[in-house]
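Structural features, examined
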Amino acid sequence: MAEFKEAPAGSSALTQATVWLENRFPTAFDAYKVHMSEYYAPKNFNFWYFFGSLAMLVLVIQIVTGIFLVMHYKPDAAKAFESVEYIMRDVPWGWLVRYMHSTGASAFFIVVYLHMFRGMIYGSYKKPRELVWIFGCAIFLCLMAEAFMGYLLPWGQMSYWGAQVIINLFAAIPFVGEDLSLLIRGDYVVGDATLNRFFSFHVIAVPLVLLGLVVAHLLALHDVGSNNPDGVEIKAKKDANGKPLDGIPFHPYYTVHDIMGVGVFLMIFSAVLFLAPEGGGYFLEYNNFIPADPLKTPAHIAPVWYFTPYYSMLRAVTDDMVKVLTVIVGLGGVLAFLKGGLPGIWRVAPLAGAVVVAFLLNVFDAKFWGVVVMGLAVMILFPLPWFDRSPVKSLRYRPDWNKWLYAVFVINFLVLGYLGIKPPSAVGTYISQAGTLFYFGFFLLMPWWSRIGEFKAVPDRVTFHAH
Amino acid sequence: MSGTTTGTVGTMAQAPDEGIDKSKRTWIAITCGTGVVGGAAVAVPFVSTFAPSERARAAGAPVQVDISGIKPGEKLTVEWRGKPVWIVRRTPEQLAALKKLDGQLADPTSDRKAYPTPGYAKNEHRSIKPEFFVGVGICSHLGCSPSDKFATGAQPSLPDDWAGGFLCPCHGSTFDMAGRVFKNKPAPDNLEVPPHMYLSDTTLVIGEDKKA
Amino acid sequence: MKKIILSLLASLALVGPAAASSEGPAWDKFPAGRVTDLAAVQNGAKLFANYCLNCHAAAFMRYNRLRDIGLTEEQIKDNLIFSGAKVGETMKTALDPKDAKDWFGGVPPDLTLIARSRSDSAKGTGADYVYTYLRSYYRDDTKATGWNNTVFPGVGMPNVLWELQGQQKPIYVEEKDPHDKTKTVHIFKGFEQIRPGTLSTADFNTATADLVAYLQWMAEPNQTSRVRLGVWVLIFLFGFTLVAWRLNAAYWKDIK
């Protein structure tokens, strides 16, 4: 108690209340300083830097609308579909809450993909921010699980059959697959048991994990400080008070900046919600307005649009593709053996590994390897900080051809997504296969291509033009 | 959270002692005002989702009853909003007996406000038609449903001059043939008279009345 | 960087509209504005109650919601409820699912959401589908009901509107197969009226459009008020963003 601060004599009630609180909960006041009023962020944030705060906004929207939906939704296979229509028609303003949640789900992925892309182009995952990136990838993984499980809840045709297909992917795993699927489903086919456990995960388990990961993501970021479009470390140049010369307090500058971003985002979000909530059949799929029928598979099942790039890769792994992969794995093993530079007996390790993988590739079904490829496509994001050997963080100072490479990466991802929506076709399969190889090549060959070419000089100070 | 910037950050060019920046204050005020309006506009629909849904309102909709089959001295029970509603066709003797009971009743003229008696039932027989009593069959003490005790005279738990009415089995409250509660009983109020009206001499609607 | 983004967007445009995964004939366009024409939707409600509710349910639609299209509860009770249901109840059907299986080979699907569920990005809206479907019946003695349908070949549902429409015959034309010049394919070119109904073709199309307008409305009764509210919300948000932009400028003018 001896360290208690005293409010100045004659100060207002508000000041006295603040001092009372500060004496008993100094952590909150310190946190405000550390994370808001004295968190020095680079002053040159651009358009790409809105998406982190927008992702947090969408998370809040989903949680709040979710809470209100759960007041009326019935997680019972016999009542679920009907309860959603009950919310749409009978609950006052229920339709608004439902559309906010469905639009929010798609908005979440758009925002998160753009947020991740920012990380990629500015090298925000590079030292010392690797852990921020890893927490982020974990969030992405949880988000995919959350969306997948949430999609079963309306119990429409797409909900049911989408879940059936995806859970059957686990059945493709050799030896343990069938039992694993049985354990996930809680039954021999997707049914009430599956619905109830997905409800529990979607409503409480995964959101708690997500919240924890978001907190970790932000704390880890604030510990090392934000990156910026120039990739300049602002902490390298500080003023007499120890504040970065190119830094500005997050509050009020970026709180005010982000509020503007929120305004624009809400306009787009509301335009979709009020004027076109079905999103052309991509945000609310047409087939999902038919109650789930275990006896009738719809003509055309596809996952929701945000999963389609990965779905494309899964479908691309045909028997022919497995042969191609075997060759690639073999080549990789040989290259690593000849040029790997690993000491002593470890020289043969990659070659041995390649032989084992090549063997397994031809033992197990292409179906299983499709699942593995799809899983790896997400997991390959985690080690990105170690793949990237560029001496420079930001795309701005890398060789020009890098910019084209990233453009192709984006187009490739979009094309894979588009193909994932369409039913399979011969041409589509070839393009998906090429696209899958490009996607993996982009990451796996990065240790080499990220060092090729002429890099521009990175300035000492950020490039900033006064507003 | 101050609305002004205190010049501790080296990169900001603000002349010392410039005072409060009016433009920032103005825009903060306008933004907050707009934000509050927006927030309220969002809060209203969300809170409305708490209100009874169309399904609840449909389930609580008025009930039509055909009373032509009730004989004098008989009671018909119908359900309205999950509650039992009694329609009792009183005999002339039962009606006559009502006048003499005022002194024994807690609220003989139905003035209490807890379950307000509708204007058209604020009379001696507590109903629109003297013959037919319409009341919710739930004791105003703790919610049990009283039993019929239409027979007159002494009976267990009833006084010797019992003129007919209802006895609640849970804690012994008694009500007369107009649903009025007797003094010194646990129940404080008369039986509730629900909104009701007659569409014809034989059709009664419970849940709706003429004075909307 | 900006150049790259622009060329990226330009190349997306080349991806072009979805390749039509169309099986079956193209759908006629339902006059979409009709859903705001209350008289048309009311007429559609009448047709729906008379022709559809005998076999199909609309289990999520409450009768009293019809107040939103300008009907009073009296009108609803007197003209549209044939089953003795209360006006607050949902539109159920008297047809027993077991009988349905025996008579039609399957249970008639619930129609509450039919106009939303049948949409197809390549072919048209669900309303387009139903509008085309109801007008595409033709006599076919090889079928149990005596009717077949070009939009849904082998459908178990009979042509309930036959008295109004009369009978028509599909016209097929032989054309060269675009994929193989040596073969020919049957191309469906339209219908020919062989026996008139009580309505002329134009009137029948209008009546069907009314019915479909009702189905479109029933699939989402809030749709028009949703759009109207949305316009106000967007105006408000535009104003808010303007204000937020000026607030941002007020702070950032200090940053050099």
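Residues numbered from 1 in each chain as written. Chains lettered and ligands numbered in written order. Predicted model: local features only at pLDDT ≥ 70, side-chain atom pairs only at ≥ 80, totals over all residues.

1. Thoughts on the overall build of chain C
Each helix and strand in chain C was counted, giving nine helices and six strands. The C-alpha atoms of chain C give a radius of gyration of 25 Å, which is well past the 18 Å a tight globule of 256 residues would have. Judged by the C-alpha coordinates and their principal axes, chain C covers about 85 × 65 × 35 Å. Once local pairs closer than 6 in sequence are excluded, the contacts in chain C between residues at least 24 apart make up 66%. (Helix = DSSP H or I, 4+ residues; strand = E, 2+ residues; numbered from the N terminus. Rg over C-alpha atoms; globule rule 2.2 N^0.38 Å. Contact = placed C-beta atoms within 7 Å.)

2. Thoughts on the overall build of chain B
Helix and strand counts for chain B come out as three helices and nine strands. Sequence-ordered secondary structure for chain B, helices as α and strands as β, is α-α-β-β-β-α-β-β-β-β-β-β. Taking 17 Å as the expected radius of gyration for a compact globule of 212 residues, we find that chain B reaches 30 Å, considerably beyond that expectation. In terms of principal-axis extent, the alpha carbons of chain B reach across some 100 × 40 × 25 Å. By sequence separation, contacts in chain B at least 24 residues apart represent 53% of the contacts at least 6 residues apart.

3. Section: the domain arrangement of chain B
Looking at chain B, the domain boundaries give domain 1 (19–51) and domain 2 (57–206). The distance between the C-alpha centroids of domain 1 of chain B and domain 2 of chain B comes to 53 Å. (Domains from an automatic or database assignment.)

4. Some points on the packing of helix H6 (residues 126–134) of chain C against helix H8 (residues 201–219) of chain C
Residue and element names in this part refer to chain C. Remark: H6 packs on H8, axes separated minimally by 10 Å, with the N-to-C direction vectors making an angle of 145 degrees. Once H6 is placed against H8, the crossing between them reads as right-handed. Note on element contacts: H8 touches H6 through Thr208, Ala209, Val212, Leu215 and Gln216, opposite Ala127, Val130, Tyr131 and Leu134. Along the lines of polarity and charge, the residues of the contact of H6 with H8 split into seven nonpolar, two polar and no charged. (Axes fitted to C-alpha atoms, helices over the stretch in contact; angles between N-to-C directions. Left-handed = near helix turned anticlockwise from the far one by under 90°. Nonpolar A, V, L, I, M, F, W, Y, C, P; charged D, E, K, R; others polar.)

5. What about the nonpolar core?
Leu54, Val58, Val111, Met313 and Leu314 of chain A are the most contacted members of the largest nonpolar core, which has 98 residues in total. Taken domain by domain, this core gets at least three of its residues from each of domain 1 (29–279) and domain 2 (305–449) of chain A. Excluding residues within four positions of it along the chain, Leu54 of chain A makes contact with Val111, Gly261 and Phe265 of chain A. Of all hydrophobic cores here, the second largest spans 43 residues; its members include Trp27, Leu53, Met61 and Met218 of chain C. (Core = buried A, V, L, I, M, F, W, Y, C linked by C-beta atoms within 7 Å. Buried ≥ 20, exposed ≤ 12 C-beta atoms within 10 Å, placed from the backbone.)

6. Concerning the sheet that holds strand E2 (residues 75–80) of chain B
To summarise the sheet geometry, strands pair through backbone hydrogen bonds and adopt either a parallel or an antiparallel arrangement. Residues and elements named next belong to chain B. Read across the open sheet, the three strands follow the order E2-E3-E4; overall the sheet is antiparallel. Unpaired on one side and paired on the other, E2 and strand E4 (132–136) mark the two borders of the sheet. Mean inter-strand twist for the sheet, computed between neighbouring axes without regard to direction, equals 20 degrees. Bridging between strand E3 (residues 83–89) and E4 involves five bridges; their strand directions are antiparallel. Counted as the bridge partner of Ile87 is Val134 from E4. (Pairing = 2+ DSSP bridges.)

7. As for the pairing of E2 of chain B
All names here are of chain B. Sheet topology note: the E2/E3 ladder contains six bridges and is antiparallel. Within E3, the position partnered with Val78 by the bridge is Val85. From the end of E2 to the start of E3, which pair antiparallel, there are two residues, and Arg81 there has a positive phi angle of about 50 degrees.

8. Some points on the sheet that holds strand E6 (residues 165–167) of chain B
Residue and element names in this part refer to chain B. Taken in spatial order, the three strands make up an open sheet running E5-E6-E7, and their pairing is antiparallel. Each having just a single partner strand, strand E5 (147–149) and strand E7 (174–176) make up the two edges of the open sheet. Taking each pair of neighbouring strands and ignoring which way they run, the sheet shows an average axis angle of 30 degrees. Across three bridges, the pairing between E5 and E6 is antiparallel. Across the sheet, Lys149 pairs through a bridge with Gly165, a residue of E6.

9. Brief notes about helix H16 (residues 400–421) of chain A
All names here are of chain A. In a regular helix each residue adds 1.5 Å, so 22 residues correspond to 32 Å; H16 covers 33 Å between its end C-alpha atoms and thus fits that length. All buried positions along H16 are accounted for by Asn402, Val415, Leu416, Leu419 and Gly420. Take H16 and look down its axis: the buried residues cluster within an arc of 140 degrees, on one side only. Projecting away from the buried face of H16 at angles above 90 degrees are the exposed residues Asp400 and Trp404. Elements in contact with the buried residues of H16: helix H11 (308–316) and helix H17 (426–444). (Expected span 1.5 Å × (residues − 1). Arc of directions from axis to C-beta.)

10. A closer look at the environment of Leu234 of chain C
Looking at the element boundaries, Leu234 of chain C is found in helix H9 (residues 223–252). Look at Leu234 of chain C and you get partly exposed, because 17 C-beta atoms sit within 10 Å. When the C-alpha positions of Leu234 of chain C and Met91 of chain C are compared, they lie 36 Å apart, and in sequence the two are 143 residues distant. Leu234 of chain C has contacts with Met267, Ser270 and Ala271 of chain A, leaving out every residue within four places of it along the chain.

11. Some remarks on the interface of chain A and chain B
Counting from both sides, the interface comprises 20 residues of chain A and, opposite them, 14 residues of chain B. Put simply, the parts of the chain that give the side of chain A that touches chain B at least two residues each are helix H4 (80–89), helix H5 (94–122), strand E2 (247–249) and helix H10 (250–275) of chain A. Ranked by residues supplied to the side of chain A that touches chain B, first place goes to H5 of chain A with three residues. Of the residues that constitute the side of chain A that touches chain B, the class distribution is twelve nonpolar, three polar and five charged.

12. Description of the interface of chain A and chain C
Across the contact, 36 residues belong to chain A and 35 residues belong to chain C. Among the secondary structure elements, those contributing two or more residues to the side of chain A that touches chain C are H4, H10 and H16 of chain A. Looking at the side of chain A that touches chain C residue by residue, the classes come out as 24 nonpolar, seven polar and five charged.

13. Comments concerning the confidence of the model for chain C
Residues and elements named next belong to chain C. Overall, the prediction assigns chain C a mean pLDDT of 88, with 91% of residues at 70 or greater. Per-residue pLDDT stays below 50 along residues 12–21; that stretch engages in seven contacts with residues further than four places along the chain or on separate chains. The ipTM, which scores confidence in the relative placement of chains, is 0.92 for this predicted complex, and the corresponding pTM is 0.89. (pLDDT = per-residue confidence, 0-100.)

14. A closer look at the environment of Val65 of chain B
Residue and element names in this part refer to chain B. Considering the arrangement of structural elements, one finds Val65 in strand E1 (residues 63–66). Along the sequence, Val65 and Tyr198 sit 133 residues apart, while their C-alpha atoms lie 9.5 Å from each other. For Val65, the residues in contact, after removing those within four places along its chain, are Val78, Ile87, Leu204 and Ile206.

15. So, unusual backbone geometry
A negative phi angle is the norm for most residues apart from glycine, just as the trans form is the norm for most peptide bonds. All names here are of chain A. Note that the residue after Lys127, namely Pro128, is joined by a cis bond; omega there is 0 degrees. Mapped onto the fold, Pro128 is located in the loop between H5 and helix H6 (130–152). For the bond from His251 to Pro252, the omega torsion is 10 degrees, close enough to zero to count as cis. Positionally, Pro252 belongs in helix H10. Here Trp155, not a glycine, exhibits a phi torsion of approximately 60 degrees, which is positive. In this fold, Trp155 is placed in the loop between H6 and helix H7 (157–171). Exposure remark for Trp155: the 25 C-beta atoms within 10 Å place this residue in the buried category.

16. Details of the packing of H7 of chain A against helix H8 (residues 177–185) of chain A
When two helices pack together, their arrangement is given by the angle between the helix axes and the distance between those axes. All names here are of chain A. Closest axis-to-axis distance for the H7/H8 pair is 7 Å, and the angle between their directions is 140 degrees. Only Gly177, Glu178, Leu180, Ser181, Ile184 and Arg185 of H8 make contact with H7, whose side of the interface consists of Ile167, Asn168, Phe170 and Ala171. Looking at the contact of H7 with H8 residue by residue, the class counts come to five nonpolar, three polar and two charged.

17. A short note on the environment of Ser53 of chain B
The residue Ser53 of chain B is located in the loop between helix H1 (22–48) and helix H2 (54–59) in this model. If near-sequence neighbours (up to four positions away) are discounted, Ser53 of chain B is found in contact with Asp90, Val91 and Pro92 of chain A.

18. Points about the pairing of strand E6 (residues 180–196) of chain C
Where burial is concerned, little of E6 of chain C is hidden: zero out of the 17 residues are buried. Remark: two residues form the turn of the hairpin made by strand E5 (residues 166–177) of chain C and E6 of chain C, two consecutive strands paired antiparallel.

19. Points about the confidence of the model for chain B
Taken residue by residue, chain B gives an average pLDDT of 88. The fraction at 70 or more is 90%. Ignoring residues within four places in sequence, the model shows residues 1–14 of chain B, a span with pLDDT below 50, making 30 contacts including any to other chains.

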